[in-house]
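# Topology and contacts: notes
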Amino acid sequence: QQQVKQSPQSLIVQKGGISIINCAYENTAFDYFPWYQQFPGKGPALLIAIRPDVSEKKEGRFTISFNKSAKQFSLHIMDSQPGDSATYFCAATEWGSQGNLIFGKGTKLSVKP
Amino acid sequence: DTAVSQTPKYLVTQMGNDKSIKCEQNLGHDTMYWYKQDSKKFLKIMFSYNNKELIINETVPNRFSPKSPDKAHLNLHINSLELGDSAVYFCASSHATAYEQYFGPGTRLTVT
């Protein structure tokens, strides 16, 4: 019940295209869903996050879509750029778990010029 | 003005040795964490500290011990290193009243 399942494992997108990464969870007590971006040799960086009281959150080219009934959320990267090439992790946690972030297994995104 | 820093960045050592990794944050956060990222890039929390108190210990071998001298520092001590300990270890921090966690650059530990 603590798992967060992420797909696809890898993704190749042309420059200017839309990148879509999906995650699913089981624990209905989760109430915070962040996405992290990790470049090779660097630490994960918080990209965008959503709470379950909204169905969508947009920050620049990055959008999270959240479907509470389906227990799924996804990251959309519009107008994908080569500089977006990185590994993306979804995660989930619940208030009261002392920050116990449960991560998905990551998606390696390559944006081709 | 690095927010979360770790030293060393690389650590190569032999089986059976004892080593430490240091972490410091200048964000004024009161909670700090250690994560392990394995060769398949899977991230898993190991420990967190809030106000010098250990509040998570996720089935980590007792060869691993976090030590926090103050709110800005959380060091990781590892005794009797094993081959399976080879991984990248990340420190992170947050406010106790917030969800957002900020990660350090990582320490790549290689045990030979």
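My aim in this report is to walk through the structure given alongside it, one point at a time. In this convention, every chain numbers its residues from 1, walking through the sequence in written order. Here every chain gets a letter starting at A, and every ligand a number starting at 1, in the order they are written. A pLDDT threshold of at least 70 governs which residues receive local features in this predicted model, and a stricter bar of 80 or more applies before side-chain atom pairs are shown or counted, although totals over entire chains, interfaces and linings include all residues. To get the side-chain values, all heavy atoms of the structure are used, and hydrogens and water are removed first.

The subject of this paragraph is the side chain of Thr63 of chain A. The helix and strand labels rest on DSSP assignments: H or I over at least four residues marks a helix, E over at least two residues marks a strand, and numbering proceeds from the N terminus. With respect to the element layout, Thr63 of chain A can be found in strand E7 (residues 62-67). The contact rule is simple, with two residues in contact once any of their heavy atoms fall within 4.5 Å. Other than its neighbours up to four places away in sequence, Thr63 of chain A contacts Ile48, Glu56, Lys57, Lys58, Ser74, Leu75 and His76 of chain A.

Before going further, it helps to examine the pairing of E7 of chain A. All names here are of chain A. Across four bridges, the pairing between strand E6 (residues 56-59) and E7 is antiparallel. Along E7, the bridge assignment pairs Glu56 with Ser65. Joining the antiparallel neighbours E6 and E7 is a turn of two residues, in which Gly60 adopts a positive phi near 65 degrees. Strands are labelled as partners when DSSP assigns at least two bridges between them. Here six bridges tie E7 to strand E8 (residues 72-77), and the two strands are oriented antiparallel to one another. Bridging across to E8, Ser65 finds its partner in Ser74. Connecting the antiparallel pair E7 and E8 is a turn made up of four residues, with Lys71 showing a positive phi of about 55 degrees.

We now examine the state of the cysteines. In what follows, a disulfide is any cysteine sulfur pair within 2.5 Å. Across all of its chains, the model carries two disulfides over all chains by this definition. Disulfide pairing places Cys23 of chain A opposite Cys90 of chain A at an S-S distance of 1.8 Å. Its torsion about the S-S bond being -95 degrees, the disulfide of Cys23 of chain A and Cys90 of chain A is classed as left-handed. With Cys23 of chain A in strand E3 (residues 19-25) and Cys90 of chain A in strand E9 (residues 86-92), this residue pair connects regions lying 67 residues apart in the sequence. Only protein chains enter the accessibility calculation, which uses a 1.4 Å probe; a residue is then buried when its area is under 20% of its type maximum, exposed when over 50%, and partly exposed in between. We classify Cys23 of chain A as buried; its relative accessible area is 2%. Note on cysteine connectivity: Cys23 of chain B is disulfide-linked to Cys91 of chain B, with sulfurs 1.8 Å apart. For the disulfide bridge between Cys23 of chain B and Cys91 of chain B, the dihedral angle about the S-S bond is near -75 degrees, and by the sign convention the bridge is left-handed. Of this pair, Cys23 of chain B sits in strand E3 (residues 19-25) while Cys91 of chain B sits in strand E9 (residues 87-94), placing them 68 residues apart in sequence. Taken individually, Cys23 of chain B and Cys91 of chain B each receive the classification buried, so the pair is uniform in this respect.

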